Amino acid sequence: MPNEPAPATLSDLARRLVRTSFGARATEPMPLAAGAWSQAFELTIDGAEAVLRVGAHGTDFAKDELVAGFARPGLPVPPVLARGVIDTWHYAISARAHGIGFDDLSAADVTLTLPSLLTTLDAIGEIDLSGTAGYGIWTPDGQAPYDSWPDALLAISTETARVPGWRAALADSEIGLGPVEAGLTALAALTPYLPDERDMIHGDLLSHNVLAADGTVTAVLDWGNALYGDSLYDAAWLIYWWPWYPQWRDVDIYAALLAHWRATGPLPTHLRERLHAYLIHIGLDAIAYCTFQRRWDEVRSNADIVAALANSAPGEYVLNPPTIRSS
């Protein structure tokens, strides 16, 4: 894997790519946003607004391109116009989508936008998975590595190529592996309640991966973490991370989800147990990633949440979400 370059170096790379590929047809790429795995630049090509992303993981961009093929009203995914490699770095050029990151919305705007977001969650779960197989994070060939959904979730205990060394680092920290082991035990106990359903899951909502304007979702970005499994996982993602946004404290995300589910069909079976399992998994995933990044305040916050989940009954977390300490 290439080492992450300094921003100036990456900007130089983007300029060279655009100059070589498009010449005078394109404007100079200007930094737009930086994520965990790629850097984005804005530009125009033949007068049309576009976004160039450069990163180490070409599979992320390939997954974006594949999911864009399922875009429809209610599921806005920008088309990927080109992909390639430059100096061992992968790049993708997509059509530009406009909107405010959902993370940056006020409580009033969140309330206005929630119906559109929940409709988008439904649309994600309804993506046709014909010709695909397996559970867990899938690759661009439509294959995921696990034979069952519980196996995919419990695999959180193992390290991956993207997040190596976290177990040893956590074991050597003052936090230790105790919260992880408690979370895994509680997660395993909940697996009898998990369905065999195999739906599309975005797996990384928030983190500025959802754009919105005038109460409507305008784009769902970054499908690199997308997986196959129970689509309730994306709902659990919102529930887990909601308390981390103090400006949304007065917006009851669980009540909004319940109202949406009741309006669109019967409540999912074993709802509390399924959500509880996914909350634990999301917390474990956050512990692993934040340990890898050596973001110890966030490791501690997530470890406390996982420990609390492991020692509580299904449903308690969503009814009594914690107050997250500001780091």
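Placed above this text is the structure.
Cut-off values and rules
Residues numbered from 1 in each chain as written. Predicted model: local features only at pLDDT ≥ 70, side-chain atom pairs only at ≥ 80, totals over all residues. Heavy atoms only, no water. 1 Å grid on protein atoms, 1.4 Å probe; cavity = no way out; pocket = protein on both sides within 12 Å on 5 of 7 lines; lining within 4 Å. Points joined across faces, edges and corners; volume = space filled by probe spheres on them. Nonpolar A, V, L, I, M, F, W, Y, C, P; charged D, E, K, R; others polar. Helix = DSSP H or I, 4+ residues; strand = E, 2+ residues; numbered from the N terminus. Contact = heavy atoms within 4.5 Å. Buried < 20%, exposed > 50% of the residue type's maximum accessible area, 1.4 Å probe, protein only. Pairing = 2+ DSSP bridges. Phe/Tyr/Trp six-rings, centres within 6.5 Å; stacked < 30°, edge-to-face > 60°. Lys NZ or Arg CZ within 6 Å of the ring centre and 35° of its normal.

What is the right way to read empty space enclosed by the protein from this model?
Gaps left between atoms are located by rolling a probe of water-molecule size over the structure's atoms. The final tally for this structure, using the stated rule, is one cavity of 30 Å³ or more. Taken as a whole, the largest cavity encloses approximately 30 Å³ of empty space. W37, D60, R162, D204, D222, G224 and N225 are the residues that line the largest cavity. Residues of the lining of the largest cavity, tallied by class, amount to one nonpolar, two polar and four charged.

Which parts of the structure should I look at to understand the layout of surface pockets?
Volume-wise, the second largest pocket comes out at about 400 Å³. Sorting the residues of the lining of the second largest pocket by element identifies α3 (107–125), α7 (232–241) and α8 (253–264) as the ones contributing at least two each. Its residues assigned to classes, the lining of the second largest pocket comprises eight nonpolar, six polar and six charged.

Which parts of the structure should I look at to understand the environment of P195?
Relative to the helices and strands, P195 resides in the loop between α6 (178–190) and β8 (199–201). P195 sits 79 residues away from R274 along the chain, and the two C-alpha atoms are 8.5 Å apart. Once residues lying within four places of it in the same chain are set aside, the contact partners of P195 are W149, D230, R274 and Y278.

Even after reading the chapter, I still don't get the environment of L117, so can you show me in this structure?
Among the secondary structure elements, L117 is positioned in helix α3. The buried category is assigned to L117, whose relative accessible area is 2%. L117 sits 91 residues away from H208 along the chain, and the two C-alpha atoms are 13 Å apart.

Where do I start with the sheet that holds strand β9 (residues 210–213) in this structure?
What holds strands together in a sheet is hydrogen bonding between their backbones, with the strands either parallel or antiparallel. Strands sit in the order β6-β9-β10 across an open sheet of three strands; the sheet is antiparallel. Each edge of the open sheet carries a strand with a single partner, namely β6 (100–101) and β10 (216–220). In this sheet, β10 lies alongside β9 in antiparallel orientation, the contact comprising four bridges. Opposite L211, over in β10, you have A219 as the bridge partner.

Just to check I follow, could you spell out the packing of aromatic side chains for this structure?
The description of two aromatic rings rests on the distance between their centres and on the angle between their planes. Under the criterion given, the structure shown has 13 aromatic pairs. With a centroid separation of 5.7 Å and an interplanar angle of 45 degrees, the aromatic rings of Y233 and Y278 are classed as tilted. Here the residue Y233 occupies a position in helix α7, and Y278 occupies one in helix α9 (residues 271–292), the gap between them amounting to 45 residues. A residue is classified by how much of its surface remains accessible, and Y278, at 0% relative accessible area, is buried. Ring geometry for W237 and W241: centres 6.0 Å apart, planes at 55 degrees, overall tilted. Here W237 and its partner W241 are both found in helix α7, four residues apart, which amounts to about one turn of the helix. Judged by relative accessible area, W237 falls into the buried class, the value being 7%. Overall, the relative accessible area of 17% leaves W241 in the buried class. Three or more aromatic residues joined by ring pairs make a cluster, and in this case those are W149, Y233, W237, Y240, W241, W244, Y278 and Y317. Between K63 and the ring centre of W138, over which it is positioned, the NZ or CZ distance is 4.4 Å.

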